[in-house]
Amino acid sequence: MNAPRNSAELNAGFAHAGPSAHIGRDMLDRVLNPATKAPIFGRRDNASVGWAVSAAPVPYPEAVAAMEARAAAIAEGSAGELVWLLEHPPLYTAGVSAKPGDLLEPDRFPVFPSGRGGQFTYHGPGQRVAYVMLDLTARQRDVRGFVAALEAWVIGALAQFNVEGGLRDGRVGVWVERRTPGLAPREDKIAAIGVKLRRWVSFHGISLNVEPDLGHFGGIVPCGVTDHGVTSLVDLGLPVTLDDADAALKLSFQRVFGATVPSDPPV
């Protein structure tokens, strides 16, 4: 998938084989190396990124409207970059590649169409959503490199809890291998990635399962993958809170994308 020259609008939620292997390996090597000093996908002017956290769940339509307005303002030069951490009430979203048959229980939770890349995804309490509004013109106009940077960010955050996240050919997101004595290993998804670019500014982002109700994923085929499950940090036996996850995400983000500064949520 080659980046369009002007990227008026582009969805990025492609499966691995997305970023080329050498880009992905380099990103991971650098984010997992504490000696790395310069951000991997930083701004050329080293400006800080706003870092906002909403204390209460935010309805999906309100969040999308605020996110799109902020992304437009960034593209116009009237607002700075922002990463917005929040939770949503229980809901499903349908990315641009969603297949109707993958919505198994359409009446279980509200379903919202989403302009991001990818297929069906669940959001709800206990899952940390991070909406990422970054200006690739100020960084690198490299869609594959940007997706690899998002993956490295999540994997670097998981590593702070001694969780080895990984990428899999043909599957979007970040995965962990589960090993139980006497049973065959299995792989479960712990984080989803789906973004959109408009005028080279990103929006939508990532979701990390900290302690959601994993049964809520049963109403969809998550990201169109039927042969593997979903997990969370707490499901892996780790007593991790959202605050713990936020701290890990912030540190890893700074290694990948650069410095942050506290900011107010857009709503």
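Please refer to the structure higher up on the page.
The numbering scheme is per chain: residues are counted from 1 as the chain's sequence reads. Predicted model: local features are reported for residues with pLDDT of at least 70 only, side-chain atom pairs are reported and counted for 80 or more only, and whole-chain, interface and lining totals are derived from all residues. Excluded from the side-chain calculation are hydrogens and water; included are all heavy atoms of the structure.

### Quick word on the side chain of Arg139
The topology assignment puts Arg139 in the loop between β7 (127–133) and α3 (143–159). Whether a residue is buried, partly exposed or exposed follows from its accessible area with a 1.4 Å probe, protein chains only, as a fraction of its type maximum: under 20%, in between, or over 50%, in that order. We classify Arg139 as buried; its relative accessible area is 3%. Not counting residues within four places of it along the chain, the set of residues in contact with Arg139 comprises Phe41, Gly42, Arg43, Arg44, Val49, Glu81, Leu134 and Phe257. Counting from the N terminus, the helices are the DSSP runs of H or I reaching at least four residues and the strands are the DSSP runs of E reaching at least two. Any two residues having at least one pair of non-hydrogen atoms within 4.5 Å are treated as being in contact.

### Some thoughts on the pattern of salt bridges
We count a salt bridge whenever a side-chain nitrogen from Lys or Arg sits within 4 Å of a carboxyl oxygen from Asp or Glu. Going through the model one piece at a time under the given rule, you end up with 12 salt bridges. For Arg108, the salt bridge is made with Glu105, and the minimal N-O distance between the two is 3.7 Å. Arg186 is the partner of Asp188 in a salt bridge, and the nearest nitrogen-oxygen pair spans 3.1 Å. Residue Asp188 is classed as buried on the basis of its relative accessible area of 2%. Connected via shared salt-bridge partners are Arg43, Asp45, Glu81 and Arg139.

### Describing the sheet that holds strand β4 (residues 91–94)
Spatially, three strands are ordered β5-β4-β6 in an open sheet, and the strand pairing comes out mixed. The open sheet has two edge strands, β5 (111–113) and β6 (120–123), and neither has a second partner. Strand after strand, the sheet turns through a mean of 25° between neighbouring axes, direction not considered. In this structure, β4 lies alongside β5, joined through three bridges in parallel fashion. When the sheet's bridge partners are listed, Tyr92 is paired in β5 with Val111. The pairing criterion for strands is at least two bridges between them, as found by DSSP. Interaxial angles span 0 to 180 degrees and are taken between N-to-C directions of axes, which are lines fitted to C-alpha atoms, for helices over the stretch in contact.

### Structural notes on α3
Every helix has an expected span of 1.5 Å times one less than the residues it contains. With 17 residues, α3 extends 24 Å between its outermost C-alpha atoms, agreeing within 8% with the 24 Å of an ideal straight helix rising 1.5 Å per residue. Two or three places before Arg144, at the opening of α3, Asp142 has a side-chain oxygen 3.3 Å from that residue's backbone nitrogen. Counting of polar contacts relies on pairs of N or O atoms within 3.5 Å, with two restrictions inside protein: one atom must be capable of donating a hydrogen and the other of accepting it, and residues adjacent in sequence are counted only when both atoms are side-chain atoms.

### Considerations on helix α4 (residues 242–256)
When the terminal C-alpha atoms of α4 are compared, their 21 Å separation across 15 residues agrees well with the 21 Å that a helix rising 1.5 Å per residue should span. For α4, the complete set of buried residues consists of Ala245, Asp246, Ala248, Leu249, Ser252, Phe253 and Val256. Projected onto a plane normal to the axis of α4, the buried residues spread over an arc of 165° and lie on a single side. Positive backbone phi, at 120°, marks Gly258, one or two positions downstream of α4. This arc is built from the directions going out from the helix axis to the C-beta atoms.

### Here we look at the side chain of Asp188
In this structure, Asp188 sits in strand β10 (residues 186–198). Here Arg178 takes part through its side chain, which lies 2.9 Å from a polar atom of the side chain of Asp188. Reaching out from Asp188, the side chain makes a polar contact with the backbone nitrogen of Gly229 at a distance of 3.3 Å. Setting aside residues no more than four positions away along its own chain, Asp188 makes contact with Val174, Trp175, Val176, Arg178, Gly229, Val230 and Thr231.

### Details of the packing of α3 against α4
Running from N to C, α3 and α4 point in directions that differ by 140°, and their axes come no closer than 8 Å. Taken together, the axes of α3 and α4 lie oblique to each other. The interaxial crossing formed by α3 with α4 has right-handed handedness. Only Ala248, Leu249, Ser252, Phe253 and Val256 of α4 make contact with α3, whose side of the interface consists of Ala149, Ala152, Trp153, Gly156 and Ala157. Among the residues forming the contact of α3 with α4, the class breakdown is eight nonpolar, two polar and no charged. By definition in this entry, angles of less than 35 degrees are roughly parallel, angles greater than 145 are roughly antiparallel, angles of 65 to 115 are roughly perpendicular, and the rest are oblique. Two helices cross in a left-handed way if the nearer one is turned anticlockwise from the farther one by less than a right angle. They cross in a right-handed way if the turn is clockwise. Each residue gets one label: Ala, Val, Leu, Ile, Met, Phe, Trp, Tyr, Cys and Pro are nonpolar, Asp, Glu, Lys and Arg are charged, and the others, such as Gly, are polar.

### Digging into the pairing of strand β9 (residues 171–178)
The buried fraction of β9 is high, at seven of eight residues. Pairing geometry for strand β8 (residues 166–168) and β9, over two bridges, is antiparallel. Its bridge partner being in β9, Gly166 is matched across the sheet by Trp175. A loop of two residues connects β8 with β9, the two strands running antiparallel in sequence, and Gly170 in this loop sits at a positive phi of about 80°. Here β9 pairs with β10 via five bridges, running antiparallel. For Val174, the partnering residue across the bridge sits in β10 and is Ala191.

### Quick look at the nonpolar core
A general feature of soluble globular proteins is that nonpolar side chains tend to end up buried together. Grouping buried Ala, Val, Leu, Ile, Met, Phe, Trp, Tyr and Cys residues that are joined through side-chain atoms within 4.5 Å yields what is termed a nonpolar core. In this structure, Phe146, Trp153, Leu208, Leu233 and Phe257 are the most contacted members of the largest nonpolar core, which totals 40 residues. Contributions of two or more residues to this core are made by β2 (49–53), β3 (82–86), β7, α3, β9, β10, β11 (201–209) and α4. Counting residues per element, this core draws most heavily on α3, which supplies nine residues. Setting aside residues up to four positions removed in sequence, Leu208 forms contacts with Gln127, Arg128, Leu158, Ile190, Ala191, Leu233, Ala245 and Leu249. Core analysis: the second largest hydrophobic core is formed by 18 residues, Ala52, Val58, Ala71 and Val129 among them.

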